[in-house]
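The primary structure of each chain is shown beneath.
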Amino acid sequence: MNKPRQITTLRAVAVISSTIIGVGILSFPRYMTEAGNTSAPFVALSGVLISFIIYWLLVSLCQRFPQETLFVFSRRLIGRPLAAVFTLAIMLLFIVLTGLTVRQFGDVATTVLYKKTPIEATIFLMLLISLLSSRRNILKFSYIHSFYLPLIVGSILVTILISLKNVDMLNLQPVLMAPGVKFWNGARQATYLFQSAFVVVLLIPLMEKPNHAVRAGAWAIFMSGAIYVLIVIASVGMFGAEETKLLIYPTLEMARSAAFGEGFLERLDAIFIIIWVISVFTTIYTTYYISAYLLQKLLRLRDQRMASSVLLPVMFILSMLPSNVFETYRWSLHLGNAGMIMMLGYSLLLWTVYLIRRHGKKVSP
């Protein structure tokens with residue numbers, strides 16, 4: 001029996017956008033500046049375009065099977081054993097991603113917000129909230145993202161627009177330098193923030209218009225990408241390329257420097273950090289949800305409540321493994337590389353098999 005289609009295109013945009021905007025927003029300008037100096041905005045923009053190409057490659061295939069998730073139709077394309085291996089690999093990828101993301105959150109929270117609170121308590125609380133939220137079905141999952149997205153995007157845009165008045169255009173020149181190896185490595189790193197757009201494969205079977213999945217992703221990726229590019233422009237424009245490289249969290253420093261009026265909204269960083277916590281929650285919520293969903297499918301459980309409970313101690317242990325903030329970011333970059341190879345390679349494999357079998361008229365679109 002077909003499931004009722006209740007997720008609108010706009011709600012799909014909300015899920016993907018609020019997932020993409022997350023923990024990496026604080027340090028993103030530093031990585032882009034290290035890769036491109038004053039060309040950092042173009043490094044970020046290149047990463048956005050590459051992310052959309054990878055997304056399009058995956059989703060245009062999923063649209064050939066609008067009634068099923070990727071994990072169901074892949075069994076018919078490449079066989080159950082090989083599909084199970086790839087599903088397991090993707091699940092492990094998102095489990096580790098959740099652990100490292102919540103660790104980054106813990107590092108920032110204990111440095112900026114809760115200086116006397118043990119990092120273990122901060123991480124456990126975020127995982128517990130994500131666990132309780134992940135026990136809900138996919139429709140409630142999409143409603144939660146839709147509720148938070150306007151608050152996240154609106155508040156961040158206001159902070160950026162106020163910060164832009166402090167930008168010195170000289171700090172952004174020369175605008176574009178010759179792209180080299182570092183430039184494209186930076187663009188590749190920028191795509192890591194967009195890998196969680198993978199969540200769309202869970203949404204397509206429930207979307208009212210599954211043929212709008214590419215459109216939803218385009219809106220989400222380019223809207224989130226525009227926010228990231230604007231943050232890079234504001235950070236480099238305010239501090240200059242060399243100083244931005246020295247800041248651990250340039251976006252937070254940008255918010256601290258922003259003020260509106262005399263005595264009115266002079267502590268935008270306080271508002272910004274609250275919004276950042278919400279945006280981190282929506283990101284971790286999605287990666288946690290994907291992990292629990294995949295574990296449920298692999299173990300063939302009736303629902304994902306038990307799966308989400310089993311994952312909490314695993315993710316907590318993973319989050320405690322890095323010894324410091326620099327090791328966490330180094331591990332995240334390695335995981336980003338693995339994720340990019342996995343998503344791109346798996347999509348190309350499925351596309352190849354689909355086209356071969358379609359040519360032989362063995363697979364019905």
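Everything that follows concerns the structure shown earlier in this document.
No experiment lies behind these values; they were computed from the predicted model shown.

## Structural notes on the packing of aromatic side chains
Step number 1: Counted by the stated rule, this structure contains 21 aromatic pairs.
Step number 2: Centre to centre, the rings of Y31 and Y329 are 5.9 Å apart; their planes meet at 55°, and the pair counts as tilted. Placement of Y31 in helix α2 (residues 28-36) and of Y329 in helix α15 (residues 325-359) is noted, with a sequence separation of 298 residues between them.
Step number 3: On the accessibility criterion, Y31 (15% relative accessible area) is buried.
Step number 4: Residue classification places Y329 among the buried residues on the basis of a relative accessible area of 9%.
Step number 5: Taken together, the ring pairs in this structure connect F141, F147, Y148, F281, Y285 and Y289 into an aromatic cluster.
Step number 6: Of note, R30 hangs over the ring of Y31, and the distance from its end group to the ring centre comes to 4.9 Å.

## Some remarks on the side chain of Q304
Step number 1: Relative to the helices and strands, Q304 is located in the loop between α13 (268-299) and α14 (305-320).
Step number 2: Taking relative accessible area as the criterion, Q304 reaches 7% and is therefore assigned buried.
Step number 3: Among the polar contacts made by the side chain of Q304, one reaches the main-chain carbonyl oxygen of S134 at a distance of 2.9 Å.
Step number 4: Those residues in contact with Q304 that lie beyond four places of it in its chain are S134, R136, Y289, A292, Y293 and Q296.

## Things to note about the environment of H145
Step number 1: Secondary-structure assignment places H145 in helix α7 (residues 138-164).
Step number 2: Considered as a pair, H145 and A14 are 131 residues apart in the sequence and their alpha carbons are 6.0 Å apart.
Step number 3: Each residue touching H145, except ones within four places of it in the same chain, is listed here: A14, V15, S18, T19, T282, Y285 and T286.

## Examining the packing of α7 against α13
Step number 1: Two elements in contact, α7 and α13, have axes whose closest approach is 9 Å; the angle formed by their N-to-C orientations is 150°. In terms of their interaxial angle, α7 and α13 are classed as roughly antiparallel. In this structure, α7 meets α13 at a crossing whose hand is left-handed. Each of I138, F141, I144, H145, Y148, L151, I152, S155, I156, T159 and I162 in α7 lies in contact with α13, whose residues at this interface are L268, F272, I275, I278, S279, F281, T282, Y285, T286 and Y289.
Step number 2: Considered class by class, the residues forming the contact of α7 with α13 number 15 nonpolar, six polar and no charged.

## With respect to α13
Step number 1: Over its 32 residues, α13 extends 46 Å from the first C-alpha to the last, a length consistent with the 46 Å expected when each residue adds 1.5 Å.
Step number 2: The buried fraction of α13 is high, at 25 of 32 residues.
Step number 3: Once α13 finishes, R300 follows within two positions and takes phi at roughly 55°, a positive value.

## Quick look at the environment of G217
Step number 1: If you trace the backbone, G217 turns up in helix α10 (residues 213-239).
Step number 2: The residues contacting G217, other than those within four sequence positions of it, are I16 and Y55.

## Notes on the pattern of salt bridges
Step number 1: Within this structure, the stated rule accounts for five salt bridges.
Step number 2: The shortest N-O distance in the salt bridge between R76 and E68 comes to 2.8 Å.
Step number 3: Note on E68: relative accessible area 21%, which makes it partly exposed.

Rules used in this analysis
Residues numbered from 1 in each chain as written. Predicted model: local features only at pLDDT ≥ 70, side-chain atom pairs only at ≥ 80, totals over all residues. Heavy atoms only, no water. Phe/Tyr/Trp six-rings, centres within 6.5 Å; stacked < 30°, edge-to-face > 60°. Helix = DSSP H or I, 4+ residues; strand = E, 2+ residues; numbered from the N terminus. Buried < 20%, exposed > 50% of the residue type's maximum accessible area, 1.4 Å probe, protein only. Lys NZ or Arg CZ within 6 Å of the ring centre and 35° of its normal. Polar contact = N/O pair within 3.5 Å; in protein donor to acceptor, adjacent residues only side chain to side chain. Contact = heavy atoms within 4.5 Å. Axes fitted to C-alpha atoms, helices over the stretch in contact; angles between N-to-C directions. Parallel < 35°, antiparallel > 145°, perpendicular 65-115°, else oblique. Left-handed = near helix turned anticlockwise from the far one by under 90°. Nonpolar A, V, L, I, M, F, W, Y, C, P; charged D, E, K, R; others polar. Expected span 1.5 Å × (residues − 1). Salt bridge = Lys/Arg side-chain N within 4 Å of Asp/Glu carboxyl O.

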